[in-house]
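Given next are the chains, with one letter for each unit.
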Number of protein chains: 2
Amino acid sequence: MPKNVPVVEKILSANDQLARENRLAIDAAGVFSINVMASPGAGKTSLIEQTVRALTGKLRVGMINGDIATSLDADRAAAAGAAAVQINTGGDCHLDAVMLHDALPRLDLRSLDLLIVENVGNLVCPASFALGTHKNVLVASIPEGDDKPYKYPGMYRGVEAVVINKIDLLPYVTFRMDYFRQGIEVLNPGVAQFALSCSTGEGLGGWLDWLTAQVRKR
Amino acid sequence: MPKNVPVVEKILSANDQLARENRLAIDAAGVFSINVMASPGAGKTSLIEQTVRALTGKLRVGMINGDIATSLDADRAAAAGAAAVQINTGGDCHLDAVMLHDALPRLDLRSLDLLIVENVGNLVCPASFALGTHKNVLVASIPEGDDKPYKYPGMYRGVEAVVINKIDLLPYVTFRMDYFRQGIEVLNPGVAQFALSCSTGEGLGGWLDWLTAQVRKR
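Residues numbered from 1 in each chain as written. Chains lettered and ligands numbered in written order. Predicted model: local features only at pLDDT ≥ 70, side-chain atom pairs only at ≥ 80, totals over all residues.

Caption draft 1: Structural context of helix H3 (residues 72-80) of chain B. All names here are of chain B. Those residues of H3 lying buried are Asp73, Ala74, Arg76, Ala77 and Ala80. Along H3, the residues classed as buried sweep out an arc of 160 degrees about the axis, all on the same side. Each element contacted by the buried residues of H3 is listed here: helix H2 (44-55), strand E2 (61-67), strand E3 (83-88) and strand E4 (114-118). Residue glycine 81 follows H3 closely and has a positive phi angle near 115 degrees. (Buried ≥ 20, exposed ≤ 12 C-beta atoms within 10 Å, placed from the backbone. Helix = DSSP H or I, 4+ residues; strand = E, 2+ residues; numbered from the N terminus. Arc of directions from axis to C-beta. Contact = placed C-beta atoms within 7 Å.)

Caption draft 2: The arrangement of the packing of helix H2 (residues 44-55) of chain A against helix H3 (residues 72-80) of chain A in detail. All names here are of chain A. Two numbers describe how H2 lies on H3: the axes approach to 8 Å, and their chain directions differ by 15 degrees. Put simply, H2 runs roughly parallel to H3. As H2 packs across H3, the resulting crossing turns out to be right-handed. Between H2 and H3, the residues in contact are Thr45, Ile48, Glu49, Val52 and Arg53 and Asp73, Arg76, Ala77 and Ala80, respectively. (Axes fitted to C-alpha atoms, helices over the stretch in contact; angles between N-to-C directions. Parallel < 35°, antiparallel > 145°, perpendicular 65-115°, else oblique. Left-handed = near helix turned anticlockwise from the far one by under 90°.)

Caption draft 3: Just the interface of chain B and chain A, in detail. Every contact between the two is made by 30 residues of chain B and, on the other side, 30 residues of chain A. Elements with a minimum of two residues in the side of chain B that touches chain A: helix H5 (148-151) and helix H6 (153-157) of chain B. No other element matches H5(B), which puts 3 residues into the side of chain B that touches chain A. Each residue belonging to the side of chain B that touches chain A can be placed in one class, and the counts come to 15 nonpolar, 9 polar and 6 charged. (Nonpolar A, V, L, I, M, F, W, Y, C, P; charged D, E, K, R; others polar.)

Caption draft 4: Representation of the relation of the copies chain B and chain A. Once chain B has been moved 0.0 Å along the axis and rotated by 180 degrees, it coincides with chain A to within an RMSD of 0.0 Å. Taken together, the rotation and translation relating the two chain copies correspond to the operation of a two-fold axis. Comparing interface residues between copies, 100% of those in chain B also lie at the interface in chain A; the contact surface is shared. (Least-squares fit on C-alpha atoms with pLDDT ≥ 70 in both.)

Caption draft 5: Focus on the pairing of strand E1 (residues 32-38) of chain A. All names here are of chain A. Taken across its 7 residues, E1 has 7 buried, putting it largely inside the fold. Taking every second residue as pointing to the same face, both faces of E1 are buried, with Phe32, Ile34, Val36 and Ala38 on one and Ser33, Asn35 and Met37 on the other. With 5 bridges connecting them, E1 and strand E4 (residues 114-118) associate as parallel partners. Counted as the bridge partner of serine 33 is leucine 115 from E4. With 5 bridges connecting them, E1 and strand E5 (residues 135-141) associate as parallel partners. In the sheet register, isoleucine 34 faces E5, and the bridge partner there is lysine 135. (Pairing = 2+ DSSP bridges.)

Caption draft 6: The arrangement of the nonpolar core in detail. Of all hydrophobic cores here, the largest spans 135 residues; its most connected members are A:Leu138, A:Val163, B:Leu138 and B:Val163. For A:Val163, the residues in contact, after removing those within four places along its chain, are A:Leu47, A:Val137, A:Val139, A:Ala140, A:Phe194, A:Leu196 and A:Trp207. (Core = buried A, V, L, I, M, F, W, Y, C linked by C-beta atoms within 7 Å.)

Caption draft 7: Layout of the sheet that holds E5(A). All names here are of chain A. One open sheet holds the 7 strands; their spatial order is E3-E2-E4-E1-E5-E6-E7, and the pairing between them is parallel. Of all strands in the sheet, those with a lone pairing partner are strand E3 (83-88) and strand E7 (192-195), marking the two edges. Within the sheet, the average angular offset between the axes of one strand and its neighbour, ignoring direction, is 20 degrees. Examined bridge by bridge, E5 and strand E6 (residues 161-165) share 5 bridges and lie parallel to one another. Paired with valine 139 across the two strands is valine 163, which belongs to E6.

Given below as C-alpha cells:
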C-alpha cells in the first residue's frame with residue numbers, strides 16, 4: 001500500500017492570507033465593508049462624500065483612503081463626517097491586504113457599521129489584490145467613454161456593483177449606454193448597476209438603498 | 001600600488017537597455033516618436049485620431065497601441081489613416097521596452113516621419129517604464145478633476161508635454177484651471193501645455209504646431 005503523501009490543495013498567497021485576516025477582524029466587529037475602485041477622476045471620492053452625508057445619523061461610516069500621495073481624499077471624507085485614515089502607497093498603483101492590515105487598527109471598528117475603502121485610481125492593478133472587504137464596487141463615469149468594459153475586462157469582471165457616475169454629462173458627450181451595459185452584462189451578468197450623478201444627486205437613492213441593505217444583512 | 005578594480009558606474013536595467021536599443025532603431029530610421037499616456041478615457045485615442053487626420057499629406061504617421069485587451073484603439077487609428085499595430089499586454093498595466101521591441105519590426109519605420117505609441121490607460125505604472133521614444137506626452141482631461149497633478153506626481157513629473165483635453169466640458173464641471181496648472185508647474189516647470197478639445201477641435205492647432213516642430217527638428 002503506498003505511503004500517504006500530504007497533498008496541499010491550494011496555498012494562499014501572502015496577500016490572500018492577510019486579506020483573510022482582515023476579513024476576520026472586520027467580521028468580528030460586525031462591520032460591512034466595500035472596496036471602491038475606479039479610474040482617476042471617475043468620482044470615487046465624490047460618491048463617498050455624498051454617501052457619508054446621506055447616511056449621517058443612520059449608519060456610522062469609517063473610511064480608509066489609498067493614494068499615491070497627499071491626503072486630499074481623506075480630508076474630503078473627514079469633512080463629510082466620516083472617521084478617516086489615509087494610506088499613502090508611496091508610488092504603488094494599488095492597495096493590498098498588507099496596507100489595509102496596517103491601517104485597520106487606526107480605526108475603532110466596533111464603533112462603525114460601514115467601512116469604505118477607497119483604492120488608488122487605476123482600472124488595472126487593484127483588481128488583482130484582495131483586501132478582505134466584503135464587496136468590490138467599481139465607479140465608472142460617462143466622460144471616460146462607453147468602451148471601458150471591453151478594454152478593462154478584469155476590473156469589470158471582479159466587482160459586485162457598478163456605479164455609473166456623471167450622468168449629468170450625458171447631453172454633452174458621445175456615450176452609448178446600451179453598448180456600455182452590454183459590455184458589463186457579458187463580463188459580469190446580473191451585477192448591480194446604479195446610474196447616477198454625484199453633482200446633481202440624481203439616482204443616488206438606488207445606490208444608497210442597495211448599500212444600506214447590504215449593511216442591514218450583516 | 002593597489003590592483004585596478006573595475007568599477008561599474010551605472011548598470012542599466014533590462015528594460016532600460018532594451019529602451020536604448022529601441023531608440024537606436026527609431027533614430028536610425030529618422031523617425032520622431034512620442035509615448036502617449038493618460039487615465040482610461042482621457043482621450044488618448046481621440047487625440048491620436050485627430051492628429052493623424054490633421055497631418056495626413058504632411059507627415060507619415062505610424063501607431064503602436066497598447067491595451068489590456070481588444071484592438072479597438074488600433075482600429076480607430078488605422079481608420080484615421082495611420083499604419084497601426086496593436087499590442088495586447090494580456091493584463092499588464094503598462095507597456096515596456098520589451099513589448100515595443102517586439103512590435104517595432106511590424107512597422108516599416110523608414111516609411112514614417114512620426115511614430116505615436118499609445119500606452120495603457122493608467123496614471124501610475126507607465127511612468128516607470130522607459131520605452132525608447134523621444135518624448136512623453138500626458139493627456140489629462142477636464143472631467144477627471146483639477147487635483148490630478150497633486151495625486152499622481154510621478155506621471156506629471158516625467159513628461160515633456162501635457163495636453164488638457166475636453167475643454168468643451170468646462171461649463172458643466174467644477175475645474176479650477178489655475179489650481180490645476182499650478183500643480184503642473186510645481187512638478188514640471190515650463191513643461192509644454194495645450195488646452196484643447198478633440199470633440200470641437202478648439203486648441204488643436206497649438207498641439208499640432210508643437211508636434212510638427214519636434215518632427216522637423218530631427
